[in-house]
Amino acid sequence: MAELYYDDDADLSVIAGKKVAVIGYGSQGHAHALNLRDSGVDVTVGLREGSSSAAKATDEGLKVASVADAVAGADVVVILAPDQVQRSLYAEQIEPNLKADAALLFAHGFNIRFGYIKPAAGHDVIMVAPKGPGHLVRREYEAGRGVPVIVAVEQDASGHAWDLALSYAKAIGGLRAGGIRTTFTEETETDLFGEQAVLCGGTSQLVQYGFEVLTEAGYQPEVAYFEVLHELKLIVDLMWEGGIAKQRWSVSDTAEYGDYVSGPRVITPEVKENMKAVLADIQSGAFADRFITDQDAGAPEFKDLRGKGEQHPIESTGRELRKLFSWVEDRDSDYTEGSAA
Ligand code: NDP
Ligand code: MG
Ligand code: MG
């Protein structure tokens, strides 16, 4: 059984006694900075010259500085810029300004696990990774709740890295929901596998194939959209509430029987073998290398794949249909349809 932590296991005064620099003010950055501030922590947001995020942070009353200045004054530096920029950001602006005993904190283990960032021995290296998007991390905190976190220590230079990790996790609201102890390696490899094989990659491909099979057989795209995409949320909500068993309990006996007999025909044992190959590429660093090499070259492969994905007919069908859904609320996010970023 995993080791779990809650609010009573952490001492807020540890992080409240430190100066914290949050580098980046995007999805996670804004949520961490605001939750820390509201928990009584001294926070400065570090942003690059001409950053489009600076006004948002200033409007919230947060202190904003250059990355160099924020880092130089900090006891704890929280690196919440996108994973693919962290290596050069660290080498050029963080490391040269870092206090010798400052702690480094991440929300994902990618750059440490794959060796793109190699902190000197004097730094605590900590991860507090919320298991949810940043906008939810902020919204739940404001509602008096929290998003669960997983917590790890890669390097315990001070001898107190765990106290700091748990204190930070408490300050962003994560221990209201609960924290699970992990390692940078476990978090990074399972996170990448989950999003590639199941959550993002697996599900997107499954939905697209389902839509293609129905429309190629002559069914209306709007009807196909409802059956393979729109209703997915209802099914996933049931799984989330009570596991696959609750989903099977809630659907009709016809649907449940079809689940048993047709699920394994679609997702064959060969798919499991493919998943193992995906995991092997994650573990070996081959996926990380492909991603970072492409990013370093200006992301030609990434942009090409993104463009092709947006052209899939399910997207235009969905765009038109969703205009009719008065019951689908507008969610607070920076996403605008047709320009996935
Ligand atoms: P975002 O893409 O939302 O970060 C954007 C922020 O980073 C902006 O403030 C942007 O500033 C800044 N930024 C971008 N490039 C640079 C640069 N070169 N130098 C300085 N600042 C820069 O990141 P996420 O919040 O998605 O991810 C941050 C970390 O959290 C990652 O490690 C990720 O894996 C992890 N994580 C993310 C989750 C999520 O919900 N998205 C969930 C759990 C973990 P500007 O306005 O200047 O562009
Ligand atoms: Mg991830
Ligand atoms: Mg149906």
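Residues numbered from 1 in each chain as written. Chains lettered and ligands numbered in written order. Predicted model: local features only at pLDDT ≥ 70, side-chain atom pairs only at ≥ 80, totals over all residues.

K.L.:
Whenever I open this one, the nonpolar core confuses me. Can you help?
P.N.:
The tendency in soluble globular proteins is for nonpolar side chains to be buried side by side. Counting 62 residues, the largest nonpolar core has V77 and V128 as its most contacted members. When residues in this core are grouped by element, the largest group, seven residues, is from helix α8 (residues 161–171). Aside from chain neighbours lying at most four places away, what touches V128 is L105, A107, V149, V151, A165, Y168, A169, I172 and G174. By size, the runner-up hydrophobic cluster in this structure holds five residues, among which are F211, Y225, V228 and I314. (Core = buried A, V, L, I, M, F, W, Y, C linked by C-beta atoms within 7 Å. Buried ≥ 20, exposed ≤ 12 C-beta atoms within 10 Å, placed from the backbone. Helix = DSSP H or I, 4+ residues; strand = E, 2+ residues; numbered from the N terminus. Contact = placed C-beta atoms within 7 Å.)

K.L.:
Quick question: what am I supposed to make of the pairing of strand β4 (residues 63–66) here?
P.N.:
A regular strand places its side chains so that they alternate between the two faces of the sheet. Inspection of the sheet shows strand β3 (residues 42–47) paired to β4 by four bridges, in the parallel sense. Residue pairing across strands places T44 opposite K63, the latter belonging to β4. In this region the chain leaves β3, passes through helix α3 (residues 54–59) and returns to the parallel neighbour β4; the handedness of that crossover is right-handed. (Pairing = 2+ DSSP bridges. Right-handed = clockwise from strand over helix to strand, strands pointing away.)

K.L.:
Please explain the pairing of strand β6 (residues 103–106) as it appears in this structure.
P.N.:
Along β6, one buried face is formed by A103 and L105 and the opposite face, lined by L104 and F106, is buried too. Crossover strand β5 (residues 76–79) to β6 through helix α5 (residues 83–94) is right-handed. Bridging between β6 and strand β7 (residues 125–130) involves three bridges; their strand directions are parallel. The residue of β7 that forms the bridge with L104 is V125.

K.L.:
I keep staring at the sheet that holds β4 and nothing clicks. Help me out?
P.N.:
Remark on secondary structure: sheet strands pair via backbone hydrogen bonds, oriented parallel or antiparallel. Taken in spatial order, the nine strands of this open sheet run β1-β9-β8-β7-β6-β5-β2-β3-β4, and their pairing is mixed. Of all strands in the sheet, those with a lone pairing partner are β1 (4–5) and β4, marking the two edges. Judged from the three bridges that link them, strand β8 (residues 149–155) and strand β9 (residues 179–181) form a sheet pairing that is parallel. Paired with V149 across the two strands is G179, which belongs to β9. Across the face of the sheet, α8 comes into contact with β1, β6, β7, β8 and β9 while running at roughly 155 degrees to β8. (Axes fitted to C-alpha atoms, helices over the stretch in contact; angles between N-to-C directions.)

K.L.:
How do you make sense of the UniProt feature "binding site: NADP(+)" (unreviewed entry) in the chain when you look at a structure like this?
P.N.:
Taking the numbering used here, the UniProt-annotated feature "binding site: NADP(+)" (unreviewed entry) corresponds to Y25, G26, S27, Q28, R48, S51, S53 and G134. Mapped onto the fold, Q28 is located in helix α2 (residues 27–38). Excluding residues within four positions of it along the chain, Q28 makes contact with L80, A107, G134 and V137. Examined against the element boundaries, R48 turns out to sit in the loop between β3 and α3. A tally of 17 C-beta atoms within 10 Å means that R48 is categorised as partly exposed. (UniProt positions renumbered as here; feature names shortened; annotations may be inferred.)

K.L.:
How should the site of ligand 1 be read in this particular structure?
P.N.:
Neighbouring ligand 1 are 24 residues; G24, G26, Q28, S51 and H108 lie closest to it. Counting only elements with at least two residues in the shell around ligand 1, the list comes to α2, α5 and β7. Within the shell around ligand 1, the residues separate by chemical class into 12 nonpolar, 10 polar and two charged. (Near = placed C-beta within 6 Å. Nonpolar A, V, L, I, M, F, W, Y, C, P; charged D, E, K, R; others polar.)

K.L.:
Looking at this model, I keep getting lost on the environment of V251. Mind explaining?
P.N.:
The residue V251 is located in the loop between α13 (232–250) and α14 (253–266) in this model. Residue classification places V251 among the partly exposed residues on the basis of 16 C-beta atoms within 10 Å. As for V251 and Q283, which are separated by 32 residues in sequence, their C-alpha atoms are 38 Å apart.

K.L.:
Please explain the domain arrangement of the chain as it appears in this structure.
P.N.:
Often the size quoted for an interface is simply the accessible area lost on bringing the parts together. The domain boundaries assigned to the chain delineate domain 1 (4–183) and domain 2 (192–323). On a C-alpha basis, the centres of domain 1 and domain 2 stand 31 Å from each other. The interface is formed by four residues belonging to domain 1 together with five residues belonging to domain 2. When grouped by side-chain class, the residues that make up the side of domain 1 that touches domain 2 number three nonpolar, one polar and no charged. (Domains from an automatic or database assignment.)

K.L.:
I would appreciate a short explanation of the confidence of the model for the chain in the present structure.
P.N.:
Low-pLDDT stretches of the model should not have their predicted coordinates read in fine detail. Mean pLDDT over the chain stands at 95; residues scoring 70 or higher make up 95%. Confidence estimates for the predicted assembly give a pTM of 0.92 and an ipTM of 0.98. (pLDDT = per-residue confidence, 0-100.)

K.L.:
Looking at this structure, I do not really get the UniProt feature "binding site: substrate" (unreviewed entry) in the chain. What am I missing?
P.N.:
Per the UniProt record, "binding site: substrate" (unreviewed entry) is annotated on S252. Within the secondary structure, S252 sits in the loop between α13 and α14. Given 8 C-beta atoms within 10 Å, S252 falls into the exposed group.

K.L.:
Can you help me understand the packing of helix α10 (residues 184–199) against helix α15 (residues 269–284) in this one?
P.N.:
Two quantities define a packed helix pair, namely the angle between the helix axes and the distance between the axes. For the pair α10 and α15, the least separation of the axes is 10 Å and the interaxial angle reads 140 degrees. Considered as vectors, α10 and α15 are oriented oblique to each other. The two elements α10 and α15 cross, and the hand of that crossing is right-handed. Of the residues in α15, those in contact with E189, L192, F193, Q196 and A197 of α10 are M275, V278, L279, I282 and Q283. In terms of residue class, the contact of α10 with α15 is built from seven nonpolar, two polar and one charged. (Parallel < 35°, antiparallel > 145°, perpendicular 65-115°, else oblique. Left-handed = near helix turned anticlockwise from the far one by under 90°.)

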